[in-house]
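Chain by chain, the residues run as shown.
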Amino acid sequence: MSSPSRLRLGSAGPLPAGDRTETHPVAQATDTGRPDTGNQETGADRAAGPSALACFGDFIAALAGRRPALFLDYDGTLVPLAPRPELAVLDEAVRGTIRRLSALCPVAVVSGRDLDDVARMVGLEGLVYAGSHGFDIRGPGLRTQIGQEYLGELEGADIDLRARLAAIPGTLVERKRFAIAIHTRQVAPPDKPAVAAVVRSVAAERAQLRVTGGKEILELRPNLPWDKGRAVLTLLDALGLSGEGTVPLYLGDDETDEDAFRALSGRGFGIRVGDDTSGTAAQWRLRDPAEAARFLDRLAGRLAGS
Ligand SMILES: [Mg+2]
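Just so it is clear, the model here is predicted, and its values are computed rather than measured.

K.L.:
Is there a simple way to explain the overall build of the protein in this structure?
P.N.:
Along the protein, the regular secondary structure elements total 10 helices and 12 strands. Long-range pairs, those at least 24 residues apart, make up 60% of the contacts in the protein between residues at least 6 apart in sequence.

K.L.:
Whenever I open this one, the pairing of strand β7 (residues 180-183) confuses me. Can you help?
P.N.:
Regular strands place side chains that alternate from one sheet face to the opposite one. Of the two faces of β7, the one lined by I180 and I182 and the one lined by A181 and H183 are each fully buried. Sheet analysis places strand β6 (residues 172-175) next to β7, joined by four bridges and oriented antiparallel. The residue of β7 that forms the bridge with R175 is I180. Linking two consecutive strands that pair antiparallel, namely β6 and β7, is a turn of four residues. When β7 meets strand β9 (residues 217-222), the two strands line up antiparallel, connected through four bridges. Looking at the pairing, I180 lines up with L220 of β9.

K.L.:
Is there a simple way to think about helix α8 (residues 228-238) in this case?
P.N.:
Within an α-helix, residues lying three or four positions from one another point in the same direction, as the helix has 3.6 residues per turn. Along α8, the positions that sit buried rather than exposed are K228, G229, A231, V232, L235 and L236. The buried side chains of α8 occupy one side of the element, clustering within an arc of 160° when seen end-on. The elements touched by buried residues of α8 are β1 (67-72), β2 (107-110), β3 (128-131), β4 (136-139), β10 (246-252) and α9 (255-264).

K.L.:
I'm lost on the confidence of the model for the protein in this one. Help?
P.N.:
The predicted coordinates of low-pLDDT regions are not to be read in fine detail. For the protein, mean pLDDT is 86; residues scoring 70 or higher make up 84% of the total. Of the regions scoring below 50 in pLDDT, residues 1-47 engages in 74 contacts with residues more than four places distant in sequence or in other chains.

K.L.:
Quick question: what am I supposed to make of the environment of L53 here?
P.N.:
Tracing the backbone through its elements, the reader meets L53 in the loop between α2 (43-46) and α3 (56-63). On the basis of neighbour counts, which here come to 27 C-beta atoms within 10 Å, the residue L53 falls in the buried class. With 242 residues separating them in the primary sequence, L53 and F295 have C-alpha atoms 5.5 Å apart.

K.L.:
Can you help me understand the sheet that holds β10 in this one?
P.N.:
Strand pairing in a sheet relies on backbone hydrogen bonds, with the paired strands running either antiparallel or parallel. Taken in spatial order, the eight strands of this open sheet run β5-β4-β3-β2-β1-β10-β11-β12, and their pairing is mixed. The two strands at the open ends of the sheet, each matched to only one other strand, are β5 (142-145) and β12 (284-286). Strand after strand, the sheet turns through a mean of 20° between neighbouring axes, direction not considered. As paired elements, strand β11 (residues 269-273) and β12 share three bridges and run parallel to each other. Across the sheet, residue I271 finds its bridge partner in β12, namely W284. Against the sheet, helix α5 (residues 115-122) engages β2, β3 and β4, with an angle of about 135° to β3. Against the sheet, helix α10 (residues 289-303) contacts β10, β11 and β12, and its axis sits at roughly 115° relative to β12.

Scoring rules and cut-offs
By convention here, each chain's residues receive numbers from 1 onward along its written sequence. Local features in this predicted model are restricted to residues whose pLDDT is 70 or higher, and side-chain atom pairs enter the listing and the counts only when it is 80 or higher, whereas totals over whole chains, interfaces and linings include all residues. Every helix listed is a DSSP run of H or I at least four residues long, and every strand listed is a run of E at least two residues long, numbered separately from the N terminus. Contacts here follow a simple rule: the backbone-placed C-beta atoms of the two residues must lie within 7 Å. Three exposure classes are used. Buried residues have 20 or more other C-beta atoms within 10 Å of their own C-beta, exposed residues have 12 or fewer, and partly exposed residues fall in between, all C-beta atoms being placed from the backbone. Strand pairing is defined by DSSP finding a minimum of two bridges between the two strands. Here the arc refers to the directions that run from the helix axis out to each C-beta atom. For every residue, the predictor states its confidence as a pLDDT score lying anywhere from 0 to 100. Note on method: axes are straight lines fitted to C-alpha atoms, helices fitted across the in-contact stretch only, with angles between N-to-C directions ranging 0 to 180 degrees.

Pasting the structure below:
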């Protein structure tokens, strides 16, 4: 790894004093004092952790004056899931919010997408991008690639998969640099087990690769002990963000994000995006990408001291 230069830290500093002590009763009011009727909590919801939006004041209080370092998944977190990856386009307003945040605190986008793909979709310079679940990292003065010796094996698996899955309609095989994604969203439900069987069979023939799964996706990746959690911890060190003055925040919606939630346990906060937060290691939640956008907007406003 090359030695990292500093990210654009902008005018970031300790939070305004008022943020450190502010707390609000759960689900009664927002930090602005206005009822947030769209985010009423129920007892069942609370078991999965409070909403970082409905309980924004509590969330800010939990930061205890420390500066956030923000790690953002892309699909299902910043944008709604789409039938095809290229259709998951970032809303211009959300892009603007991320741009504002990047001037206030370190921001990294951590995605299962290819590095160039996710960087293009987000379309902002000066951020850190971690593609292929953190196997492929690039940022200002920073470049790390994990598992380059596995590229030949991925190439062979890609050819095998395309040949064996061609007969199953709707299957989309997407070659990424450090992974092969098999999208099943457009596969007829009765055919999905057959897709999974082919993927597992191809993986079984190649000990250098392993299968991981997510929402309507199977992936073959290098069989290395590496994931989004390890990528985030590596980034914290590389960017000089391991000190007590920084609190890492990770927003994600999927199983692969749970690795990051677990990795940050005890030193930061995970925020699970989505309706189903059962079994998550995240301490906070947001209902969907729209809520995540509102949360990020309010976080930007708070960090800017407005
Ligand atoms: Mg996601």
